[in-house]
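Summary of structural features
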Amino acid sequence: MALLQISEPGLSTAPHQHRLAVGIDLGTTNSLVATVRNGISVVLNDEHGRAMLPSVVRYAVDGRVAVGESAQAAQSDDPVNTIVSAKRFMGRGLADIGDTSRLPYRFVEIPASGAAGQGGMVQLRTVAGAKSPVEVSAEILKVLRARAEAALGGDLVGAVITVPAYFDDAQRQATKDAAKLAGLNVLRLLNEPTAAAIAYGLDNASEGVYAVYDLGGGTFDISVLRLSRGVFEVLSANGDSALGGDDFDQRIHCWLLEKNQLSALSPQDTRLLLTLARAAKEQLTEHEEARITAVLSSGEVID
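Residues numbered from 1 in each chain as written. Predicted model: local features only at pLDDT ≥ 70, side-chain atom pairs only at ≥ 80, totals over all residues. Heavy atoms only, no water.

Examining empty space enclosed by the protein
Inspection of the entire model under this criterion finds 3 cavities of 30 Å³ or more. Each pocket or cavity is described by its volume, and for the largest cavity that value is around 50 Å³. Around the largest cavity sit Leu 26, Lys 87, Met 90, Ser 137, Thr 162, Val 163, Pro 164, Phe 167 and Thr 175, which together line it. Partitioning the lining of the largest cavity into residue classes produces 5 nonpolar, 3 polar and 1 charged. (1 Å grid on protein atoms, 1.4 Å probe; cavity = no way out; pocket = protein on both sides within 12 Å on 5 of 7 lines; lining within 4 Å. Points joined across faces, edges and corners; volume = space filled by probe spheres on them. Nonpolar A, V, L, I, M, F, W, Y, C, P; charged D, E, K, R; others polar.)

Things to note about the environment of Arg 106
Take Arg 106: it is sitting in the loop between helix H2 (94-97) and strand E8 (107-109). Along the backbone, Arg 106 and Asn 81 are 25 residues apart, and their C-alpha atoms lie at a distance of 9.4 Å. Not counting the four nearest positions on each side in its chain, Arg 106 is found in contact with Val 80, Gln 123, Leu 124, Arg 125 and Thr 126. (Helix = DSSP H or I, 4+ residues; strand = E, 2+ residues; numbered from the N terminus. Contact = heavy atoms within 4.5 Å.)

Quick look at the nonpolar core
Core analysis: the biggest nonpolar cluster contains 41 residues, and Val 22, Ile 24 and Leu 141 have the highest contact counts within it. Looking at this core, the elements that each hand over two or more residues are strand E1 (20-25), strand E5 (56-59), strand E7 (82-84), strand E9 (122-126), helix H3 (133-152), strand E11 (156-163) and helix H4 (169-181). When residues of this core are assigned to their parent elements, the largest contribution, 8 residues, is made by H3. Apart from the residues within four sequence positions on either side, Leu 141 is in contact with Ile 24, Leu 26, Ala 178, Ala 179, Ala 182 and Leu 184. (Core = buried A, V, L, I, M, F, W, Y, C linked by side-chain atoms within 4.5 Å. Buried < 20%, exposed > 50% of the residue type's maximum accessible area, 1.4 Å probe, protein only.)

Details of the sheet that holds E7
Strand order in the open sheet formed by 3 strands is E6-E5-E7, and the pairing between neighbours is antiparallel. Single-partner strands in this sheet number two, and they are strand E6 (65-67) and E7. Within the sheet, the average angular offset between the axes of one strand and its neighbour, ignoring direction, is 20°. Pairing analysis gives 3 bridges linking E5 to E6, with the strands arranged antiparallel. Paired with Val 57 across the strands is Val 67, a residue of E6. Along the sheet, H3 contacts E5, E6 and E7; its crossing angle with E5, the most-contacted strand, is approximately 110°. (Pairing = 2+ DSSP bridges. Axes fitted to C-alpha atoms, helices over the stretch in contact; angles between N-to-C directions.)

Comments concerning unusual backbone geometry
The backbone of Ser 85 shows a phi angle near 60°, a positive value even though the residue is not glycine. The residue Ser 85 is located in the loop between E7 and H2 in this model. Looking at Ser 85, the relative accessible area reads 7%, which means it is buried. Residue Gln 261 is not a glycine yet carries a positive backbone phi of 55°. By secondary structure assignment, the location of Gln 261 is in the loop between helix H6 (245-259) and helix H7 (267-283).

Looking at the packing of H3 against H4
Between two packed helices, what matters for the description is the angle formed by their axes and the separation of those axes. The geometry of H3 relative to H4 is characterised by a closest axis approach of 8 Å and an angle of 55° between their N-to-C directions. Put simply, H3 runs oblique to H4. Of the two possible hands of crossing, H3 and H4 adopt the one that is right-handed. Judged by residue contacts, Val 134, Glu 135, Ser 137, Ala 138, Leu 141 and Lys 142 of H3 engage Ala 174, Asp 177, Ala 178, Ala 179 and Leu 181 from H4. Class assignment of the residues belonging to the contact of H3 with H4 gives a composition of 7 nonpolar, 1 polar and 3 charged. (Parallel < 35°, antiparallel > 145°, perpendicular 65-115°, else oblique. Left-handed = near helix turned anticlockwise from the far one by under 90°.)

Things to note about the pairing of strand E2 (residues 30-37)
Pairing between E1 and E2: 3 bridges, direction antiparallel. Paired with Gly 23 across the strands is Ala 34, a residue of E2. What sits between the antiparallel neighbours E1 and E2 is a turn of 4 residues. One ladder, built from 2 bridges, connects E2 with strand E4 (residues 53-54); its direction is antiparallel.

Here is the structure:
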């Protein structure tokens, strides 16, 4: 069992008393939770042996909330109530998001005097009411927290959560707010490129200057790190918090619209084409060609 010993001011703890903590990657596309066992980082699987949790949340009219694979399976059938890539909206207003016409959601913006810590941030209308990206992300974190506590056999004292290096203060605070809603104490927010360097083992007697790129579902970062005697020093960080795999999917989606002379689509058709665009993009990783075929709600066939 992975354990973390924490000594806090004002709290008396018996020697060798251990408290549980984990690391969480709250990703745009997928999320996961990990711990350390015998000095080795280990990803914690769910009851089906799956490590990655799709970062997808679906709200139902009866109040139930589905997270992960079951929500992902419903994204084309119920796109308005199935929130994908909520991380892209964390700490963002409508002006930050730009053109929302190609997204199958109904956006509203919280007034600046709205909920504490969420003023000016977008919300998404669902059958369960308007939900902020913070609330959506909290549902994902709740599942990861439950998975970790079941695997480790106890309550968590907190979590280290990774964030893109180029996340601004509003996005970082939104991440902390989501963790709080999920009942998690944030021990630290760790930049994803730094976390990648640690996971790769660069902290083990490595020396020198390294460039670490992080191209994710929603962000693209580069960090330049200097490693000396196991200490990381971030020399520079840059990137785009609105550039990632989702944007590649959008370009394929737009190409499909142009090729087939389509304009406004229903939310169902929009999500269907975005899902097929992502599948084609992934297929192109190992193949030179990918074919996209879809039947829209109007009966029109795209091929």
